[in-house]
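# Close look at the chain arrangement
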Amino acid sequence: MKTPMLPTDIFWTYLQPILEGIDGVASVQLSDAERMDRLSIASRSEDIYPAAFVMRPRYKGVDDNTGVYVHKFQTTLYFFVVAGMEEAEQDTAYQTAERMATDLMQRLFMDSKAYDCLFDLNSFSTEPVIYKTLDATYGYEVSFEVGLYINHLLAH
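It should be emphasised that the depicted structure is a prediction, and the values quoted were computed from it without experimental measurement.

### Quick notes on the overall build of the protein chain
Along its length, the protein chain carries three helices and seven strands. When the elements of the protein chain are put in sequence order from the N terminus, they spell out α-β-α-β-β-β-α-β-β-β. Taking all 156 residues of the protein chain together, 42% fall into the buried category. Of the contacts made within the protein chain by residues no fewer than 6 positions apart, 63% connect residues no fewer than 24 positions apart. Accessible surface, the protein chain as shown: approximately 8900 Å² in total, 50% of it carbon and sulfur.

### Side note on the nonpolar core
Grouped together as the largest cluster of nonpolar side chains are 35 residues, with contacts concentrated most on Leu19, Phe79, Leu104 and Phe144. Among the nonpolar cores identified, the runner-up in size contains nine residues, and Ile48, Tyr49, Tyr78 and Val129 belong to it.

### Here's the deal with the pairing of strand S6 (residues 125-132)
Sheet topology places S6 next to strand S7 (residues 136-149); eight bridges connect them, and they run antiparallel. Bridging from a neighbouring strand, valine 129 pairs with glycine 139 of S7. Hairpin geometry of S6 and S7 is characterised by an intervening segment of three residues between the two adjacent antiparallel strands.

### Comments concerning the side chain of threonine 137
Tracing the chain through its elements places threonine 137 in strand S7. A polar contact is formed between the side chain of threonine 137 and the backbone oxygen of tyrosine 131, at a distance of 2.8 Å. Once you skip the residues sitting within four places of it in the chain, threonine 137 turns out to touch Tyr49, Phe80, Val81, Val82, Val129, Ile130 and Tyr131.

### Focus on the packing of aromatic side chains
Each aromatic ring pair is characterised by the separation of its centres together with the angle its planes make. For the structure shown, the criterion picks out eight aromatic pairs. Between phenylalanine 11 and phenylalanine 73, the ring centres sit 5.1 Å apart and the planes meet at 35 degrees, which makes this aromatic pair tilted. Within this pair, whereas phenylalanine 11 is found in helix H1 (residues 7-20), its partner phenylalanine 73 is found in strand S4 (residues 69-82), the two being separated by 62 residues in sequence. Taking the relative accessible area as the measure of exposure, phenylalanine 11 reaches 0% and is therefore buried. Ring centres of tyrosine 59 and phenylalanine 73 lie 5.2 Å apart, and the angle between their planes is 45 degrees; on these two criteria the pair is classed as tilted. A residue pair is termed long-range when its members are at least 10 positions apart, and tyrosine 59 in strand S3 (residues 58-63) and phenylalanine 73 in strand S4 qualify at 14 residues. A residue is classified by how much of its surface remains accessible, and tyrosine 59, at 39% relative accessible area, is partly exposed.

### A few points about unusual backbone geometry
At the junction of tyrosine 49 and proline 50, the peptide bond is cis and its omega measures out at 0 degrees in the coordinates. Here proline 50 lies in the loop between helix H2 (37-45) and strand S2 (51-54). One non-glycine residue, asparagine 65, lies in positive phi territory at about 60 degrees. By the element assignment, asparagine 65 lies in the loop between S3 and S4. Given a relative accessible area of 69%, asparagine 65 falls into the exposed group. Positive phi is not limited to glycine here, since tyrosine 115 has a value of about 65 degrees.

Rules of the game
- Residues numbered from 1 in each chain as written.
- Predicted model: local features only at pLDDT ≥ 70, side-chain atom pairs only at ≥ 80, totals over all residues.
- Heavy atoms only, no water.
- Helix = DSSP H or I, 4+ residues; strand = E, 2+ residues; numbered from the N terminus.
- Buried < 20%, exposed > 50% of the residue type's maximum accessible area, 1.4 Å probe, protein only.
- Contact = heavy atoms within 4.5 Å.
- Areas by Shrake-Rupley, 256 points an atom, 1.4 Å probe, with all protein chains shown as cover.
- Core = buried A, V, L, I, M, F, W, Y, C linked by side-chain atoms within 4.5 Å.
- Pairing = 2+ DSSP bridges.
- Polar contact = N/O pair within 3.5 Å; in protein donor to acceptor, adjacent residues only side chain to side chain.
- Phe/Tyr/Trp six-rings, centres within 6.5 Å; stacked < 30°, edge-to-face > 60°.

As structure tokens, then:
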């Protein structure tokens, strides 16, 4: 018996190819919860940067009495770019990550215009971050809400 797609599967099936298609992204990962463990482990064994690292999303169902059902996924992800100690390298890393965040925002906006998702630009925010493990990375935390259609989950 085939396991049905779960809501997080729907989310990841939608978002992963978008992130993989952003120019310069070398790796895309979904977290195991609200931790960076998977990113830390992967960075020890392979060159993963620039990375898009997505926290497993929270979501809620929406029924607006139109017959279209949606899960709104509250998403937090990070674009990390490795850089050295020089200020110019760090500034370049931030700019690269910010461009990636902007590319994502543009894609979500265009997808919402094509009715592939529901995206409210008001939900999109970014914040510069530093993440240091074995590597020093600079980038952006990106938060947004994206609605994906779930009618097929309810059609049993």
